[in-house]
Amino acid sequence: MSAATCPEPTPAERARSVLAAAGSLTVTTQGQRIELIGLHTVDAAARLLLHNPPDGQLAAELAVAPHGDLAALVEFTDIAPVSVRERVRARLTLGGRLSALGPKTLVFHPARAVLKQDGGTTSIGLDELTLAAPDLLATHEAEMLARLDAAHTDTVAPLARLLPAREQLGATGVRPLRLDRHGLVLRLETPDSHHDVRLPFATPATHPGDAVRQIHALLAEATARPRRRRLPTRS
């Protein structure tokens, strides 16, 4: 399957996955820049809720805002759960306004979204963001990739046999980078660079267990192929 036809999440789905899986975010208003860890949720309408921010700094700024809300930027950084070169996989920036939702919660109303990933930048419409759903593996991905990486010699290295020979040219190592319902993305590293290649599943996974089954199917296909050459295992 060519890169052009290989299925993968849309930018809006990718943005919702970043929102669903993120453990922290940074809020920037006219008066301050605050990092919040473990203090947000996203509801079904893609509204971002900030719960009891520490020291009440945002609430205090909001209390004196002329129109009862604050212009704000909210930034998320998606970092690979395994140790690879250039671990930032995506950055999501939301622009909009903050307002109060009860005494201990603020609600962020997004007006625009920008996703940076794979060397490109995509503007996502608010309707797209609202209607998109996070990938079903978004909240399981970190644990699943960590397990794959721990079994690197037995699992990830053989999967590289499924890649075209040109993709392996000059590669000195291979690591699991991303996982979603459509497939697994491997990072091939050379001494001074890297590139990422997607291995698609036969059909989109319907739950985490199905994704594991499909990874095993890819591994069975890989081990049945002749070994071109052995990529080094990680040190």
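For every chain, the first residue of its written sequence is number 1, and the numbers climb from 1 along that sequence. With pLDDT at 70 or above as the cut-off, local features in this predicted model cover only qualifying residues; side-chain atom pairs require 80 or more to be listed or tallied, and sums for whole chains, interfaces and linings still use all residues. By convention in this description, side-chain values take in all heavy atoms of the structure and omit both hydrogens and water.

A.B. asks: Run through the overall build of the protein, naming residues and quoting values.
C.D. replies: The helix and strand labels rest on DSSP assignments: H or I over at least four residues marks a helix, E over at least two residues marks a strand, and numbering proceeds from the N terminus. Scanning the protein from terminus to terminus reveals seven helices and 11 strands. Projected onto the principal axes, the alpha-carbon positions of the protein cover approximately 70 × 35 × 30 Å. Counting only residues that meet the buried cut, the protein has 45% of its 235 residues in that class. The long-range share in the protein, meaning contacts at least 24 apart out of those at least 6 apart in sequence, stands at 55%. Across the protein, the 27 positively charged side chains and the 25 negatively charged ones have centroids separated by 5 Å. Exposure classes here rest on a 1.4 Å probe applied to the protein chains alone. A residue is buried below 20% of its type maximum, exposed above 50%, and partly exposed in between. Whether two residues touch is decided by their heavy atoms; if any such pair falls within 4.5 Å, the residues are in contact. In this tally, Lys and Arg are treated as positive and Asp and Glu as negative; His is ignored, and so are the chain termini. Positions of charges follow a simple convention, taking NZ of Lys, CZ of Arg, CG of Asp or CD of Glu.

A.B. asks: Describe the domain arrangement of the protein, listing the residues and the values that go with them.
C.D. replies: An automatic or database domain assignment supplies the residue ranges for each domain. Segmentation of the protein into domains returns domain 1 (11-131) and domain 2 (140-224). A separation of 30 Å is found between the C-alpha centroids of domain 1 and domain 2. Counting from both sides, the interface comprises 11 residues of domain 1 and, opposite them, 17 residues of domain 2. Carbon and sulfur atoms make up 44% of the area that domain 1 and domain 2 hide from each other, which totals about 1100 Å². Buried surface area refers to the total accessible area, computed with a probe of radius 1.4 Å, that the two partners give up upon joining, counted for both partners together. Together, Val82, Arg85 and Arg89 form the three largest contributors to the area buried by domain 1 at its contact with domain 2, with a combined 51%. Salt bridges are counted wherever a side-chain nitrogen of Lys or Arg sits within 4 Å of a carboxyl oxygen of Asp or Glu. For the pair domain 1 and domain 2, the number of links is three salt bridges. As a salt-bridge pair, glutamate 13 and arginine 181 come within 3.2 Å of each other at their nearest N and O atoms. Two N or O atoms form a polar contact when they lie within 3.5 Å of each other; inside protein one atom must be a possible hydrogen donor and the other a possible acceptor, and for residues adjacent in sequence the pair counts only when both atoms belong to side chains. Counting every contact that joins domain 1 to domain 2 gives 10 residue pairs in polar contact (both at pLDDT 80 or more). Classification used: nonpolar for Ala, Val, Leu, Ile, Met, Phe, Trp, Tyr, Cys and Pro, charged for Asp, Glu, Lys and Arg, polar for all others including Gly. Residue classes in the side of domain 1 that touches domain 2 are distributed as four nonpolar, one polar and six charged.

A.B. asks: So what's going on with the sheet that holds strand 10 (residues 183-189)? Which residues, and what values?
C.D. replies: If you trace the three strands from one edge of the open sheet to the other, you get 9-10-11, paired in antiparallel fashion. Looking at strand neighbours, the two that pair on one side only are strand 9 (173-180) and strand 11 (194-200), the edges of this open sheet. For this sheet, the mean inter-axis angle between neighbouring strands, taken without regard to orientation, is 25°. As paired strands, strand 9 and strand 10 are joined by seven bridges and run antiparallel to one another. When the bridges of strand 10 are listed, valine 174 appears paired with leucine 188. Here, axes are lines fitted to C-alpha atoms. For helices the fit covers the stretch in contact, and angles between N-to-C directions go from 0 to 180 degrees. Contacting strand 9 and strand 10, helix 4 (residues 141-150) runs over the sheet at an angle of about 155° to strand 9. Between any two strands, pairing holds if DSSP finds at least two bridges.

A.B. asks: Describe the pattern of salt bridges, naming the residues involved and giving the relevant values.
C.D. replies: Taken as a whole and assessed by the stated rule, the structure comprises 13 salt bridges. If you follow the salt bridges from partner to partner, you end up with Arg14, Asp78, Arg89 and Glu141 in one network.

A.B. asks: Lay out the pairing of strand 7 (residues 105-117) with the relevant residues and their values.
C.D. replies: In this structure, strand 4 (residues 48-51) lies alongside strand 7, joined through four bridges in antiparallel fashion. From the neighbouring strand, leucine 49 faces strand 7, where its bridge partner is valine 107. As paired strands, strand 6 (residues 88-100) and strand 7 are joined by 11 bridges and run antiparallel to one another. Counted as the bridge partner of threonine 93 is valine 114 from strand 7. Connecting strand 6 to the antiparallel partner strand 7 that follows it, the hairpin turn spans four residues, and glycine 102 within it adopts a positive phi of roughly 85°. In terms of strand pairing, strand 7 meets strand 8 (residues 120-124) through five bridges, oriented antiparallel. The residue bridging leucine 115 from the neighbouring strand is threonine 122, located in strand 8.

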